[in-house]
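# Structural description and commentary
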Amino acid sequence: IVYEQEGVCIHPSCGKNDDQDNLISGVLRVIEKENEVIVDWRPLDDTLDTSNILCAGKDSSSVVEWTPAPKEKSSRGADRPNSYEAEWDMVTTVSFKKKPHSNGDATTHTNGESKWSFLFSLTDLKSIKQNKEGMGWSYLVFCLKDDVKLPALHFHRGDSKLLIKCLENHVVLSESPQDKRILLVNSQNKSLSQSFENLLDEPSYGLLQKWKKDPYTVTMGRFSKVTNYIFDSFRLSDPSTQRRPPSEMADFLNDAIPGLKINQQEEPGFEVITRIDLGKQPEVSRREPVSAEEWAKNMDSEGRILNVDYIKQLIFKGGLCHTLRKEAWKFLLGYFPWNSTKEERANLQKRKTDEYFRMKLQWKSVSEEQEKRNSRLRDYRSLIEKDVNRTDRTNKFYEGEDNPGLILLHDILMTYCMYDFDLGYVQGMSDLLSPVLYVMENEVDAFWCFVSYMDQMHQNFEEQMQGMKTQLIQLSTLLRLLDSGFCSYLESQDSGYLYFCFRWLLIRFKREFSFQDILRLWEVMWTELPCQNFHLLLCCAILESEKQQIMDKHYGFNEILKHINELSMKIDVEYILCKAEAISMQMMNCKELPQAVSEILGIESSSVTPDSDTGEDESGAVLSCPTSLYQNISTPVIAANGTRESTQQMSEMQSLTPV
């Protein structure tokens, strides 16, 4: 029992007649029971009588009435009438029948008694309505899923705020935009990083039930392995008894990110995207990686980069040779300012070194006794150690149990918890750090580059997962413009939410490509060319490449998840980069690009066709369009198929200005 309050009353006659003194005083408790949390209210004089208990059970579509089971089955509870364990035993020995009600009007029992007792799991709680301040004693109304409302609880002997604080230890509560008195329940558990692997030993149906009960923890804990989890679970079970229908599986995924809606037609502020002819995708080639000579030629005597846009264009088209990465990544990630001199960068590194080791000393100096009293730091350390032990050992930098690279990985992540204690550590962050540390080969530089990377990625790991919601919605918008037919097919297979792309977005394709390929992919994305959210176009490129197989073989929900998951380490990074760039050119050359797409890509809409070559519309306003990314680049190129070409000015590197 984590909360207990007497003097919490129900007014069964309130609002129905003039007998305002008719009330039932009871005890409200919050009980932690194994893997769930229960809210329980019962009258002070109530004994364990299953005939008068209203229970909001697993099916929250209605309040249900407890119907006593046969006597031989209910004998266990009668032996211990005052024991909570006995009451929980009774849960397994009663049958349920639905009891219709409306607006919480569930005051009358079949036996005519007026006693009201109820209990429900927090997983069934949808919202809590509070009274207006200054309007008598405080009260709360619990609204369950499917809009089931329980009787108002009036706190005659104390404030309801203590209960709210207790519930916030287990769920995330936020004010409703429509009514500040209503607290919305956004998730079941605030523990962001519960390991996903510890669920793998359970039977598949039990796993899915836990997922449905607590989707938020499961999602954030290890959503990156969700597809492995589903299909490994099914393969180890009897399909006839354990397999869940695709529609139910889709519902589980739908609950995993509360508030996510892909259908823009239902969302205010979104425009309906009609089918638009984008034209044929242009042929795109890639060049060789930027060499040390090219880098040096673009730097003045004091170490300043002379033409930042030009060097970014080169990196976007070909990436970097490995010897340059240690220096160039610091610019791309924002650790080094592009206009800084060599001396300024040396001074910056000195200051950042001092700052890093001061933070590192903070957690290094915490004793075991102190850590026992700091649950958050203890949890962060536990999660980090678990993730570090699972680091991909295919790269020699991280080989071996006591490898220095693994030790540095651990220390940097612990120090990051000191840098941003509110966010702390969430599983998946180590995936973002390991390539950075490998390239930097320096603890301090790797830390500050990781900090800069997390500045871009932090919304992916926040409690409300707003970053993930936004990206999935934006990806759906882009894919619908690119191929509305494919989108419709995915929706028909309960896959329109694009959850199979979750891992791609969460850790930026880290587990989809080989270690060396991810270095190339990330440095290209960090140029922020040719548009905003280029990583979403990479998703579109991969999906478009797999479209034919998915549709020709009539893949359903389960097969789509399995197929996408099995693409890991099989995707050609150069081909996908070419295809994503071609898609970007397709969209930016579109004369009638929808406003929603223009905003996602960070370009101004070109829906008004200019009257002349001056680029003015009828009102005389000048239309702003992206300038050419690749003008005046004269370098050898490598096409997607690996053949070498040499041109004075690549025809593919033409202006992206709409014509």
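Right, let's walk through the structure included here. (Residues numbered from 1 in each chain as written. Predicted model: local features only at pLDDT ≥ 70, side-chain atom pairs only at ≥ 80, totals over all residues. Heavy atoms only, no water.)

## Considerations on the packing of helix 16 (residues 429–440) against helix 21 (residues 515–525)
As a reminder, the rule being used: To obtain each axis, a line is fitted to C-alpha atoms, and for helices this fit is confined to the stretch in contact; angles are then taken between N-to-C directions over 0 to 180 degrees. Strands are runs of DSSP state E lasting at least two residues, helices are runs of H or I lasting at least four, and both sets are numbered from the N terminus onward. What sets the label is the angle itself: under 35 degrees gives roughly parallel, over 145 gives roughly antiparallel, 65 to 115 gives roughly perpendicular, and the rest give oblique. In what follows, residue pairs with any heavy atoms lying within 4.5 Å of each other are defined as contacts. Under the scheme applied here, ten amino acids are nonpolar (Ala, Val, Leu, Ile, Met, Phe, Trp, Tyr, Cys and Pro), four are charged (Asp, Glu, Lys and Arg), and all others, including Gly, are polar.
The interhelical angle for the contact between helix 16 and helix 21, taken along N-to-C directions, is 90°, at an axis separation of 11 Å. Judged on the interaxial angle alone, helix 21 and helix 16 are roughly perpendicular. On the side of helix 16, the interface is formed by Asp431, Leu432, Ser434, Pro435, Tyr438 and Val439, while helix 21 contributes Phe515, Gln516, Ile518, Leu519 and Trp522. Each residue belonging to the contact of helix 16 with helix 21 can be placed in one class, and the counts come to 8 nonpolar, 2 polar and 1 charged.

## A closer look at the packing of helix 14 (residues 375–389) against helix 15 (residues 404–419)
A pair of packed helices is characterised by two quantities: the angle between their axes and the separation of those axes. We count it as follows: A clockwise turn of the near helix away from the far one marks a right-handed crossing, whereas an anticlockwise turn of less than a right angle marks a left-handed crossing.
Two numbers describe how helix 14 lies on helix 15: the axes approach to 10 Å, and their chain directions differ by 150°. As summarised for this structure, helix 14 and helix 15 are arranged roughly antiparallel, according to the angle between their axes. Of the two possible hands of crossing, helix 14 and helix 15 adopt the one that is right-handed. Listed contacts from helix 15 to Leu377, Tyr380, Arg381, Ile384, Glu385 and Val388 of helix 14 are Leu406, Leu409, His410, Leu413, Met414, Cys417 and Met418.

## Digging into the pattern of salt bridges
Counted only if it meets this: By salt bridge we mean one thing: a side-chain nitrogen of Lys or Arg within 4 Å of a carboxyl oxygen of Asp or Glu. Only protein chains enter the calculation, and the probe is 1.4 Å; a residue is then buried if its accessible area is under 20% of its type maximum, exposed if over 50%, and partly exposed in between.
If you walk through the whole model with that rule in mind, you get 25 salt bridges. A salt bridge links aspartate 387 to arginine 390; the shortest N-O distance between them is 2.6 Å. When the shortest N-O distance is used, the salt bridge between arginine 520 and glutamate 523 registers 2.6 Å. With arginine 520 and glutamate 523 both in helix 21, this residue pair falls 3 residues apart, about one helical turn. By relative accessible area, arginine 520 is classed as buried at 14%. Exposure remark for glutamate 523: the relative accessible area of 0% places this residue in the buried category. If you follow the salt bridges from partner to partner, you end up with Arg286, Arg325, Arg520, Glu523 and Glu574 in one network.

## Some details on the packing of aromatic side chains
What counts is decided by this rule: Pairing of aromatic rings covers Phe, Tyr and Trp, the last counted by its six-membered ring, and requires centre-to-centre distances within 6.5 Å; plane angles under 30 degrees mean stacked, over 60 mean edge-to-face, and any other angle means tilted. Criterion for a charge above a ring: Lys NZ or Arg CZ within 6 Å of the ring centre, and within 35 degrees of the ring normal.
For the coordinates displayed, the defined rule picks out 24 aromatic pairs. Ring plane angle 85° and centroid distance 4.7 Å describe the contact between tryptophan 329 and tryptophan 526, whose orientation is recorded as edge-to-face. Of this pair, tryptophan 329 sits in helix 11 (residues 322–332) while tryptophan 526 is found in the loop between helix 21 and helix 22 (534–552), placing the two residues 197 residues apart along the sequence. Neither tryptophan 329 nor tryptophan 526 differs from the other in exposure class; each is buried. Counting every residue linked through ring pairs, the aromatic cluster contains Tyr356, Phe357, Tyr416, Tyr419, Phe447, Trp448 and Phe450. For the cation-ring pair, lysine 352 lies above tryptophan 448, with the distance from its terminal atom to the ring centre recorded as 4.1 Å.

## Notes on unusual backbone geometry
In this structure, proline 530 follows leucine 529 across a cis peptide bond, with omega equal to 0°. Not every positive phi belongs to a glycine, and glutamate 528 is a case in point at roughly 60°. Mapping glutamate 528 onto the fold places it in the loop between helix 21 and helix 22. Judged by relative accessible area, glutamate 528 falls into the exposed class, the value being 59%.

Shape is all these values report; function is a separate question.
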